[in-house]
Each structure stands twice: as structure tokens, then as C-alpha cells.
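Each chain, letter by letter, is given below.
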Amino acid sequence: MPELPEVEVVARGLRARVLGHTVRGAQLRASALRWPLPADLSGVLAGRRVERIDRRGKYLLLHFGHGTLIVHLGMSGSLRFLERWEPPQRHDHVDIGFGHGWLRLHDPRRFGALLWHDAAQGPVAAHPLLARLGVEPLEGGFDGGLLHRGCRGRRVAIKQLLLAGQVVVGVGNIYASESLFRAGIRPTTRAARLSAARCEALAQAIRATLALAIERGGSTLRDFTGADGQSGYFQLECLVYGRQGEPCRRCGAPIRMAHHQQRATYWCPGCQR
Ligand SMILES: [Zn+2]
């Protein structure tokens, strides 16, 4: 599943490829992904210029003068920019044509989304999918103080709280596990029990882990063509994630794994308290 760093890398790739360009038309080869696709996408976008591209959580926002295209890559989605036409393959559900190429959305499992938010409906930030998202971990509003306030009175495990996305957005399973290791915090620790100092360490670890993944992902995706939204994972040399039974890179103790809420959680029993 693409996580925040992968989506950020895709957003940067999109800026390099389609920002400032005008859509010529669009073609849909499916009627729905997770939700129905905008039936008249071509009519909505043709002749309109991509004015800004943002990422909010794991949503990509392509802003046009008259509204915003909201894209989510779901479990298996990817966006590619084709400079030369290629016949669509199975699961290539949407093409958006520009003068210099095509943006193609591929999504075998169809958990992704592509929605049109018309400017007449109000600011896109108020869209039901976006309005309740937590703060962005890489922006100024996120720090140990905010995390500590978000943990106050919460009996859930800190990893659960991170994954829920209401305090901080876009920290998925891999990066939650990695960040908790860096901060020396056991994933099952109740959020409310974390001190301000430990929350500060965790906030710093989250920022560092995400920034490193984006840097690795960005450096390997110099050419956006072929970016599949998953490449970034393999660039991050994980400290605990996926390393069950292997020695901790810090203390040598075997990394442990357990399933919490159906998600695999990895931690070092020596380094994480
Ligand atoms: Zn260790």
C-alpha cells in the first residue's frame, strides 16, 4: 500500500510532469474504483490547466481554476506519465491527456479513488474525506507538544493512535513501526502514558523516518515514468519492519513481531520500553 512518502514522491513527480499544463481530454475505462468515477471527466477537465498540486495525507490534490481532482492510490494504485502512447492494459482505468503525454491511473484492486470537487461546493479542505484529517507530520504544526496533547487521556496503544490518523496523518504501518523503534517506545504502550519528552522524541523520529523515505524514494524516481507508488518502500532500510527474528541493528536482540488489530507490529524487546 502506498504510504505518505510514496504519495509525496508521486506528488513531486506530478509537479514535474503536469503542473502548468492544460488537459486535452480524459478517458475512463471503468465506471468506479472505490467510488463511482466522475462520468463526464473529459468535459470537466478539457481545456483547463493544472494550477497547483498538493498532497494532503495520502490524497493527491490537482487544483484547477474551477475545482480539484482528488486522487487516492488505495492499496495498489499507481500513476504513470506516458510521453508516448501505449495501449492500455488491464486495470489501466483512467487516462488524462495533455499536449505532451498522458497521465494513466492503474489500480488492480480498485480501492483507489478519483473524485471531482467543484469549486462551487466550497473549499476542498472541507471535503468529507479531508476535513477530519490530522496535521501533516512534515509541516510546522506537528511537534511533540501536539502529539502529547493528542495522547492525553487516550487508552489506546500509541501505534494504534498513530495509524488512526486523527492526531497526525499519513503514518502507516511501516513508518509507525520504524518511528517507534527510533524513539525507543514499545508499540503497545498506552498513548496516555507517554511523557512530553517521549512524545517529543517520537515526533522527531516520525519526521526523520518520513523525510528519509521521501529522500530515498525521490532520488530513485528521478524519472517519474514508471513510478509505481511502491518503489519507495524498498529504498528504506528498515530497522524493525519485516525483520522478525533477525538481530536488532542496535542491540542484537531478535526483533519480535505480533499482530495487533490485524496489523503486523515489529519491535525490539531490548531497545523499546
Ligand atoms: Zn535493540
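Above: the structure in question.
The following paragraphs examine the structure supplied in this document. Note that this is a predicted model, so its numbers are computed, not measured.

Cut-offs used in this document
Residues numbered from 1 in each chain as written. Predicted model: local features only at pLDDT ≥ 70, side-chain atom pairs only at ≥ 80, totals over all residues. Pairing = 2+ DSSP bridges. Helix = DSSP H or I, 4+ residues; strand = E, 2+ residues; numbered from the N terminus. Axes fitted to C-alpha atoms, helices over the stretch in contact; angles between N-to-C directions. Buried ≥ 20, exposed ≤ 12 C-beta atoms within 10 Å, placed from the backbone. Contact = placed C-beta atoms within 7 Å.

1. A few points about the sheet that holds strand S3 (residues 59-64)
Part 1 of the argument: Taken in spatial order, the four strands make up an open sheet running S2-S3-S4-S8, and their pairing is antiparallel. The two strands at the open ends of the sheet, each matched to only one other strand, are strand S2 (52-56) and strand S8 (113-118). Each strand of the sheet is rotated relative to its neighbour by a mean of 20 degrees, with strand direction disregarded.
Part 2 of the argument: Taken together, the six bridges between strand S4 (residues 67-72) and S8 define a ladder with antiparallel strand orientation.

2. Considering unusual backbone geometry
Part 1 of the argument: Even without a glycine there, the phi angle at histidine 91 is positive, about 75 degrees.
Part 2 of the argument: For histidine 91, the position within the fold is in the loop between strand S5 (78-82) and strand S6 (92-98).
Part 3 of the argument: With a phi close to 70 degrees, glutamine 262 is a non-glycine residue in the positive phi region.
Part 4 of the argument: Looking at the secondary structure, you find glutamine 262 in the loop between strand S9 (256-260) and strand S10 (263-267).

3. A few points about the pairing of S5
Part 1 of the argument: Within S5, four of the five residues are buried, leaving the element largely enclosed by the surrounding structure.
Part 2 of the argument: By the bridge criterion, five bridges tie S5 to strand S7 (residues 101-106) in an arrangement that is antiparallel. Across the sheet, the residue bridging to leucine 79 is leucine 105, located in S7.

4. Some details on the environment of leucine 146
Part 1 of the argument: For leucine 146, the position within the fold is in helix H3 (residues 144-151).
Part 2 of the argument: Sequence-wise, leucine 146 and glutamine 262 are 116 residues apart; in three dimensions their C-alpha atoms are separated by 27 Å.
Part 3 of the argument: Apart from the residues lying within four places of it in its own chain, the contact partners of leucine 146 are Val135 and Gly141.

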